[in-house]
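Structural overview
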Amino acid sequence: MNYHLFQIVNAAAGRSDPVDDVFEWSAVWLIWVLAATAAIPVLAHVRNGHAALVRVVASLALAFAVGLAVAALSTEVRPFQTHPVHQLIPHAAGASLPSDHATAAFAVAFAVGAFLSRRWGVALSVLAGIIGFARVWTGVHYPGDILVGALIAAAAVATIGVVGRAYDRRTSRRLDTTA
């Protein structure tokens, strides 16, 4: 099913140069726009304390660590290594699962949404979705690679959220007992 979905998306590539240009740019450069956009809610919350910012960074770090572990265990190679595809951007051969771009983009989006601003998180999630779709369109990832990246990001944000709440409860109990 993963390859079938890939074929549906990637089959449309190569038919319209302007459309391909948009997805090629999105697959490579939109992640930098996402990062710059994420800086807006991050900078807006700098004065409100560092706990939320630490949780955003910790979520991204945890997502990357899990992504690296999954990639090390995965035997899934990139679509262009085993199938005829419309590969629109250059990419080295290697592990395909999970998509680093999708993992990072969704981790930032979900963390901003969970810890800083729901509205900004939704906007960033849309950008992350476009990045993921573009990576499939350009022939360098399967849809499952994008989905696994998003799931890793969601799990990382949820884990940091649980740990953060436990830390907050422990800290507030300690402050209550010393007051």
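In this report, we go over the structure that sits alongside the text. (Residues numbered from 1 in each chain as written. Predicted model: local features only at pLDDT ≥ 70, side-chain atom pairs only at ≥ 80, totals over all residues. Heavy atoms only, no water.)

Note on aromatic pairs: each is described by the distance of the centres and the angle between the planes. With the rule as written, the count across this model stands at 6 aromatic pairs. Measuring from centroid to centroid gives 5.4 Å for Phe-106 and Phe-110, while their planes differ by 40 degrees, and the two rings are tilted. Of this pair, Phe-106 and Phe-110 both sit in helix H5 (residues 100-115), 4 residues apart, which is roughly one turn of the helix. The rings of Tyr-3, Phe-6 and Tyr-142 are connected pair by pair, giving a single aromatic cluster. (Phe/Tyr/Trp six-rings, centres within 6.5 Å; stacked < 30°, edge-to-face > 60°. Helix = DSSP H or I, 4+ residues; strand = E, 2+ residues; numbered from the N terminus.)

Right, let's talk about the nonpolar core for a bit. Ranked by size, the top nonpolar core spans 41 residues in total, and within it Leu-34, Ala-105, Phe-106, Val-112, Phe-115, Leu-124 and Ile-131 carry the most contacts. Of all the secondary-structure elements, those providing two or more residues to this core are helix H1 (2-10), helix H2 (17-44), helix H3 (51-73), H5, helix H6 (118-137) and helix H7 (143-178). Those residues in contact with Phe-115 that sit more than four places away from it in its chain are Ala-52, Arg-55, Val-56, Ser-59, Val-157, Ile-160 and Gly-161. (Core = buried A, V, L, I, M, F, W, Y, C linked by side-chain atoms within 4.5 Å. Buried < 20%, exposed > 50% of the residue type's maximum accessible area, 1.4 Å probe, protein only. Contact = heavy atoms within 4.5 Å.)

Buried within H1 we find Phe-6, Val-9 and Asn-10. With its buried residues spanning 85 degrees around the axis, H1 presents them on a single face. (Arc of directions from axis to C-beta.)

This part takes up the pattern of salt bridges. Within the structure shown, the criterion is met by 1 salt bridge. For Asp-168, the salt bridge is made with Arg-55, and the minimal N-O distance between the two is 2.7 Å. Linking Asp-168 in helix H7 with Arg-55 in helix H3, this pair joins segments that are 113 residues apart in sequence. (Salt bridge = Lys/Arg side-chain N within 4 Å of Asp/Glu carboxyl O.)

Turning our attention to the side chain of Asp-145. Take Asp-145: it is sitting in helix H7. No salt bridge forms around the buried Asp-145; measuring N to O, its nearest opposite-charge neighbour Arg-78 is 5.9 Å away. A distance of 2.2 Å separates the side chain of Asp-145 from the side chain of Ser-96, its partner in a polar contact. The residues contacting Asp-145, other than those within four sequence positions of it, are Glu-76, Ser-96, Leu-97, Pro-98 and Ser-99. (Lys, Arg positive; Asp, Glu negative; His and termini not counted. Polar contact = N/O pair within 3.5 Å; in protein donor to acceptor, adjacent residues only side chain to side chain.)

What follows concerns the packing of H1 against H6. Where H1 contacts H6, the two axes come as close as 8 Å, and the packing angle between them is 90 degrees. As far as their axial angle goes, H6 and H1 are roughly perpendicular. Here Phe-6, Val-9 and Asn-10 of H1 come into contact with H6, specifically with Phe-133, Val-136 and Trp-137. The residue makeup of the contact of H1 with H6, split by class, is 5 nonpolar, 1 polar and no charged. (Axes fitted to C-alpha atoms, helices over the stretch in contact; angles between N-to-C directions. Parallel < 35°, antiparallel > 145°, perpendicular 65-115°, else oblique. Nonpolar A, V, L, I, M, F, W, Y, C, P; charged D, E, K, R; others polar.)

On their own, these measurements won't tell you what the molecule is for.
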